[in-house]
Amino acid sequence: MKKVYFLLAFVLFSSNQQLLAQDHSTNPNSNMGAEQVFGLLEMPFLAIALVFSFLTATRLKGGKFGSGMKLLAWGFVVMALGHLHMQIAHIFNYNIFKNIFGDTIGNYIWFVALILTWGLSALGFYKIYKASKI
């Protein structure tokens, strides 16, 4: 199981480095400034947070702490996908949700993703809080 998490982190980090190393001079609309570079640099850290949140949830082997941590981990998954979506929209000017589902539904899906991230995180922290009071 550890090999899977390590492989996932390596793939996410490698793909991020390839995006940073691409020559954007062939595309005049693509200007990699500091904001874009820093935005992309957050992705490996989100990947690391994902890996260790699932490793921690697995190590806790269920129970109240483990189930709380698993909810947090899934909240991180939704957050990481949202941040990846934001970077794609910002750098390549391609909004996945709006291009697939249209302006209105795309905005609703984005809102649901935000609520899902916050809800999973809040529920996970609440379970951990309740378990730690005992």
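Here, every reference points to the structure presented above.
Let me sum up the structure you'll find in this document. Values in this document were obtained by computation on a predicted structure and should not be read as measured data.

Bringing the overall build of the chain into the picture now. Counting its secondary structure elements, the chain contains five helices and zero strands. Secondary structure of the chain in N-to-C order comes out as α-α-α-α-α. In the chain, which comprises 134 residues, the share counted as buried stands at 29%. Considering only residue pairs separated by 6 or more positions, the chain has 67% of its internal contacts joining residues 24 or more positions apart. For the chain, the accessible surface area stands at approximately 9100 Å², while carbon and sulfur atoms represent 70% of it.

Within an α-helix, residues lying three or four positions from one another point in the same direction, as the helix has 3.6 residues per turn. Between its first and last C-alpha, helix 2 (residues 34–59) extends 38 Å over 26 residues, near the 38 Å set by a 1.5 Å rise per residue. Buried residues of helix 2: Gln36, Gly39, Leu40, Met43, Pro44, Leu46, Ala47, Leu50, Val51, Ser53, Phe54 and Ala57, and no others. Positive phi shows up at Lys61, right after helix 2, with a value of about 50°.

Quick look at unusual backbone geometry now. Not every positive phi belongs to a glycine, and Lys61 is a case in point at roughly 50°. Assignment of secondary structure puts Lys61 in the loop between helix 2 and helix 3 (63–92). On the accessibility criterion, Lys61 (72% relative accessible area) is exposed.

Okay, the packing of helix 3 against helix 5 (residues 103–133) next. One way to put it is that helix 3 packs onto helix 5 with a least axis distance of 8 Å and a crossing angle of 155°. Taken as axis vectors, helix 3 and helix 5 run roughly antiparallel relative to one another. You can see that helix 3 and helix 5 cross each other, and the crossing is left-handed. Each residue belonging to the contact of helix 3 with helix 5 can be placed in one class, and the counts come to 16 nonpolar, nine polar and two charged.

As a further point, take a nonpolar patch on the surface. Together, Phe92, Tyr94, Ile100, Phe101, Ile105 and Tyr108 line one region of the surface with nonpolar side chains, adding up to about 650 Å² of accessible area. Exposure remark for Tyr108: the relative accessible area of 55% places this residue in the exposed category.

Soluble globular proteins: nonpolar side chains tend toward being buried together. Met43, Leu46, Leu50, Phe54, Ala73, Val77 and Ala80 together form the largest nonpolar core, which totals seven residues. Contributing elements (two or more residues each) for this core: helix 2 and helix 3.

With that settled, consider the packing of aromatic side chains. Per the counting criterion, the structure on display carries two aromatic pairs. Each ring, one from Phe54 and one from Trp74, has its centre 5.1 Å from the other, and the planes form 85°; the classification is edge-to-face. Of this pair, Phe54 sits in helix 2 while Trp74 is found in helix 3, placing the two residues 20 residues apart along the sequence. Between the aromatic rings of Phe97 and Trp110, the centroid separation amounts to 6.1 Å while the plane-to-plane angle is 50°, which identifies the pairing as tilted. Placement of Phe97 in helix 4 (residues 96–101) and of Trp110 in helix 5 is noted, with a sequence separation of 13 residues between them.

Parameters at a glance
Residues numbered from 1 in each chain as written. Predicted model: local features only at pLDDT ≥ 70, side-chain atom pairs only at ≥ 80, totals over all residues. Heavy atoms only, no water. Helix = DSSP H or I, 4+ residues; strand = E, 2+ residues; numbered from the N terminus. Buried < 20%, exposed > 50% of the residue type's maximum accessible area, 1.4 Å probe, protein only. Contact = heavy atoms within 4.5 Å. Areas by Shrake-Rupley, 256 points an atom, 1.4 Å probe, with all protein chains shown as cover. Expected span 1.5 Å × (residues − 1). Axes fitted to C-alpha atoms, helices over the stretch in contact; angles between N-to-C directions. Parallel < 35°, antiparallel > 145°, perpendicular 65-115°, else oblique. Left-handed = near helix turned anticlockwise from the far one by under 90°. Nonpolar A, V, L, I, M, F, W, Y, C, P; charged D, E, K, R; others polar. Patch = residues over 30% accessible without salt bridge, like charges linked within 9 Å, V, L, I, M, F, W, Y side chains within 5 Å. Salt bridge = Lys/Arg side-chain N within 4 Å of Asp/Glu carboxyl O. Core = buried A, V, L, I, M, F, W, Y, C linked by side-chain atoms within 4.5 Å. Phe/Tyr/Trp six-rings, centres within 6.5 Å; stacked < 30°, edge-to-face > 60°.

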